[in-house]
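Structural features, examined
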Amino acid sequence: MCDARDDEQNYKCWLQKIKKLTSNPAYRQAGLTPTYMKVLEIKVLKGPNYWSVRRTKLIQMKLDLEDLEQKPTNLIPGFRERLEKMFPTMIEHRCSEAVRGGFFMRVDEGTWMGHVIEHIALEIQTLAGMDTGFGRTRTPEGEQEGVYYVVFSYMEEDAGVFAAKSAVRIAEALIAGTDYDLEADIQEMREIREDTRLGPSTGCIVEEAAKRGIPYIRLNKHSLVQLGYGVNQKRIRATIASTTSNIAVDIACDKEETKLLLEAAEIPVPRGTVIRTEEGMDAAIEKFGYPLVIKPIDGNHGKGNTTNIINREQALQAFAAAKEYGRSVIIEKFITGFDFRCLVINNKFICAALRTPASVVGDGQHNIQWLIDETNKDPRRGFGHEKVLTQITIDQFTQKMLDDANYTLETVPAKGERVMLKPTANLSTGGTSTDVTDEVHPANIFMFERIAKIIGLDICGIDIMVADLRKPVAENGGAILEVNAAPGFRMHIDPSEGLPRNVAEPVVDMLFPKGSVGRIPIIAITGTNGKTTTTRLTAHIAKSANKKVGYTTSDGVYIQNQLMMKGDCTGPVSSSFVLKDPTVDFAVLECARGGILKAGLAFQNCEVAVVTNVAADHMGLGGIHTIEAMAKVKQVVPETVFPHGYAVLNADDDLVYKMKNDLKCNIALFSMDENNPRIKEHAKANGLACVYENGYVTIMKGTWKIRVLLARDIPLTYEGKAIHNINNCLPAVLSTYLFRDITIEDIRTGLQTFIPSESLTPGRLNFFNFKRFTILADFAHNPHGLQLLCDFVEKLDYPSKIGVISGTGDRRDEDIKELGEISARHFDEIIIRCDKNLRGRTADEIIGLLKEGIDSVNSNIPTTIIPNEDLALDHIYENPKEGALYTIMCDVVARALDKIKELKQREDMELKSAGQTV
């Protein structure tokens, strides 16, 4: 089933379904009744994902069309006309037809409502100033009929989620032919965008960094952003960088202190003083005379500033306005001239802009309100920061300026008269900017660079009032008004007139000199089984090479072997935790299916990706119903490898080996058989591989062999008996060998010192020796993993082998039955217990399926049912079979291990009290 015709197979499927429905007269004659769809879930994907590795910001909405599954668009009377009337700009949606108007052609031919909702969600975002255009609508193979995954790109996460819900409401209104207030939704999306987006200054720095391949992580909902990873990271908050001096920021925020420093350095500044009372104000007025400026001592962005004060009444109002932002207020001589902002970065002059406050020019016919409305029709003006200019709004400052001029909004100004509407020239209040960089006199450039050094700011905005920057300030009576930390960049990157300046470039040059991209090496590991052990071993080898390693596993996040977070930490949040840590210089990240499907990966690219295997597990979850689809999920990880990096693939697994055909990076293979034809072909092409040959873990460079270590000498393999752990060693060895600063000796040391234990490899072949029996605890939780565990147990010498098994409730019936079948083939006795979290099933259901699988192999095998894991362990302790090995499939590893250790301590105390040797 399909709904977006982008390949031949999908097209045929779509066409057949349309023909089937349209040939049924009942549907054409059916009356239109109110129809509602059901949003089953909405996921926000933030990194490389199942749908796209390159387009990382996607909304995935699982949508049940219900009875609309039987009503494609060509069977809904008037739908096309209503849709086009509401969204005439959709004519630009080319869709799979790849021509202008292609989407409307699909609507005419008949398409499903999920596809329409995808296009509506994209269009309303565009109308709200977020132009984005990627979408997919699919019903995955095996999914319930009528359930679609509607996927579309977004620019701002919250706005994307709103768009998903809004698109469904709009579609329902269009189907029913009812009115819908589209403008209200679009305005709400604009407001969401402005509340959540990075500001233009922060945004342009992030964009410049991203263009250079420097990764970034937004650290809060505001403007704090990390550029780079681990030890190589830098941070910015708006236009303050982690390199910016705290002392310099403090100075710049204290206008009086700034003024004193500049005055002492013979920089021209306005005459003025600091006041706190009306008496102080009156004294300053008498001393300096009008016109004056009154502003807060530590204000910013023009807040509380009043300029060109010409009488005491205005001064009192200005004093009150400034006092709202602090006790101390600056009063100084108003300097006439033009308002310029000059930008100095890393002590180098970058650019200058002439700033003009919001204003209108009279035509002698229309009033001020009409002139404002007409000015706001300029297509360059938008809501907030969405366009080059911001719309002019009427606020208290506008009213004050009109009052001072004895004007109202109904006043008709004379032709050519300029009416000022704001006291300051901020772009965010409707002001304009003109680039004048190329006109600045060299003497002024020298002064600006000197000012930045005097204050100590590495990103410095200098406000100057002067008649002409083309002449030295000292010659035309200008003065420095303020020196700003965190200066806005918008006036420079998007001036109203003149040449835009890429002011983010020198910022990024300063933070990452000499081509540095701020990255740390990342090895990403995925697969069905063996991920955690491979991750831990890989991290241990890197640590043996003196790397400061951060790694994520299914039992926790570790920074240099210190456990920082407990639990299943194989998703993007845990990966980000490692990449944000400033002590880490090497990352090994386990990336499981769940995290990829839920939110995507936390990183855009990695140096090395490992795929251990693909087996049938978690089938039916997250829209994945086939093992081929599961392979596509796992393939997301190697698709993120840099072109110069390596994908380390299992040559013994058909689905994993097939991935190489879609990858655009180097390929390295591993295999348990050096005679595997795929390995031989790869070696002939001078490829890199790691194989198990003649008892050795061996690296192959072309046909040359480097024998690393005998497998039986690697503790993790239990003298070579744990074949699956030999297999896990191969990608760990190969992926670390790919780094030049990790030597063969480092790898050998790592292999020899990685001792399996409940602390180093929790839940992976953990042995606990009691006086009368032994417990082997393992996280095997699917048929493939249990089979590998049983193969290992077969090689162990115990008089009796008893399996303690369970099934996971969210797995398929056949998967749970197969656990029972495997257990019946390998254990002498079986104890069935249930997980604490039954995941949608009853205990009786799971036990019944396991018992059905056991009985299909051996109905006579002794089987005990103890639903609770703790009670099952207590039963073993109190009723042990002499010399037996109890192999336990752990549910929650940490809890199971704690219970086993509790029983071991109990036995030790009992033996000690009985006078026996512990």
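To be clear, the structure that these remarks concern was listed above.
Residues numbered from 1 in each chain as written. Predicted model: local features only at pLDDT ≥ 70, side-chain atom pairs only at ≥ 80, totals over all residues. Heavy atoms only, no water.

Some thoughts on the sheet that holds strand β13 (residues 338-345)
Basically, it comes down to this: Note on pairing: DSSP must find at least two bridges between two strands before they are called paired. We count a stretch as a helix when DSSP gives it H or I for four or more residues in a row; a strand needs E for two or more, and each element gets its number in order from the N terminus. To define axes, lines are fitted to C-alpha atoms, for helices over the stretch in contact only, and angles between the resulting N-to-C directions are given on a 0 to 180 degree scale.
If you walk across this open sheet you meet the five strands as β19-β14-β13-β20-β21, and the pairing is antiparallel. Each end of this open sheet is capped by a strand with a single partner; those strands are β19 (432-435) and β21 (479-484). Taking each pair of neighbouring strands and ignoring which way they run, the sheet shows an average axis angle of 30°. Pairing of strand β20 (residues 459-466) with β21, which is carried by five bridges, proceeds in the antiparallel orientation. The residue bridging M465 from the neighbouring strand is A479, located in β21.

Structural notes on the sheet that holds strand β4 (residues 147-153)
The strands that make up a sheet pair up through hydrogen bonds in the backbone, lying either parallel or antiparallel. As a reminder, the rule being used: Residues count as neighbours in contact if any of their non-hydrogen atoms are within 4.5 Å of one another.
Strand order in the open sheet made by the four strands is β1-β2-β4-β3, with antiparallel pairing throughout. Strands at the two margins of the open sheet, each flanked by one partner only, are β1 (38-45) and β3 (135-138). When strand polarity is set aside, the average angle formed by the axes of neighbouring strands in this sheet is 15°. Of the pairings in the sheet, the one linking strand β2 (residues 58-64) to β4 comprises seven bridges and is antiparallel in character. In the sheet register, L58 faces β4, and the bridge partner there is S153. Helix-sheet contacts for helix α5 (residues 113-127) involve β2, β3 and β4, and the interaxial angle to β4 is about 20°.

Some thoughts on the packing of helix α30 (residues 869-878) against helix α31 (residues 893-913)
Filter applied, for reference: Oblique is the label for any angle not covered by the other classes, which are roughly parallel (under 35 degrees), roughly antiparallel (over 145) and roughly perpendicular (65 to 115). By convention the crossing between two helices is left-handed if the near helix lies anticlockwise of the far one by an angle smaller than a right angle, and right-handed if it lies clockwise. Amino acids are sorted into nonpolar (Ala, Val, Leu, Ile, Met, Phe, Trp, Tyr, Cys and Pro), charged (Asp, Glu, Lys and Arg) and polar (every other residue, Gly among them).
Where α30 meets α31, the closest approach of the two axes is 10 Å, and the angle between their N-to-C directions is 30°. The pairing of α30 with α31 is recorded here as roughly parallel in orientation. Where α30 crosses over α31, the handedness of that crossing is right-handed. Residues E869, D870, L873, D874, Y877 and E878 of α30 touch α31, and the partners they reach there are R895, A896, K899, I900, L903, R906, E907 and E910. In the contact of α30 with α31, the residues fall into five nonpolar, no polar and nine charged.

Points about the pattern of salt bridges
Formally: Only one rule defines a salt bridge in this text: a Lys or Arg side-chain nitrogen within 4 Å of an Asp or Glu carboxyl oxygen. The cut-offs for exposure are 20% and 50% of the maximum accessible area for each residue type, with area from a 1.4 Å probe on protein chains only; residues under the lower value are buried, those over the upper are exposed, and the others partly exposed.
In this structure the tally under the stated criterion is 59 salt bridges. Notably, a salt bridge pairs R100 with E92, separated by 3.0 Å at the nearest N-O pair. Judged by its relative accessible area of 53%, R100 falls in the exposed class. Given the relative accessible area of 47%, E92 is considered partly exposed. Salt-bridge contacts for D654 lead to R678; the nearest nitrogen and oxygen are separated by 2.8 Å.

Here we look at the packing of aromatic side chains
Stated precisely, the cut-off is as follows: The criterion for an aromatic pair is that two Phe, Tyr or Trp rings (for Trp, the six-membered ring) have centres within 6.5 Å, with stacked assigned to planes under 30 degrees apart, edge-to-face to planes over 60 apart and tilted to the rest. For a lysine, the NZ atom is tested; for an arginine, the CZ atom; a charge sits over a ring if that atom is within 6 Å of the ring centre and within 35 degrees of the ring normal.
All told, the structure shown has eleven aromatic pairs when counted by the stated rule. Summarising the aromatic geometry, the rings of F770 and Y877 are spaced 6.3 Å apart at their centres and angled 70° between planes, so their arrangement reads as edge-to-face. Within this pair, whereas F770 is found in the loop between β33 (766-769) and β34 (773-778), its partner Y877 is found in helix α30, the two being separated by 107 residues in sequence. Of the two residues examined, F770 and Y877, each falls in the buried class. One aromatic cluster is present, built from ring pairs that chain together F770, F773, Y877 and Y886. If you follow R169 out to its NZ or CZ, it ends over the ring of F162, 5.6 Å from the centre. Its guanidinium or amino end placed over the ring of F770, K904 lies 5.8 Å from that ring's centre, counting from NZ or CZ.

So, unusual backbone geometry
A cis amide bond links Y290 with the next residue in sequence, P291, at an omega value of -5°. Mapped onto the fold, P291 is located in the loop between α11 (278-288) and β10 (292-296). Residues other than glycine seldom take positive phi values, yet N406 does so here, at roughly 55°. As for its position among the elements, N406 is in the loop between α14 (396-404) and β18 (418-420). The class of N406 is exposed, set by a relative accessible area of 70%. Positive phi, close to 70°, is recorded for N561, a residue that is not glycine. As for its placement among the helices and strands, N561 is situated in the loop between β24 (556-559) and β25 (562-566).

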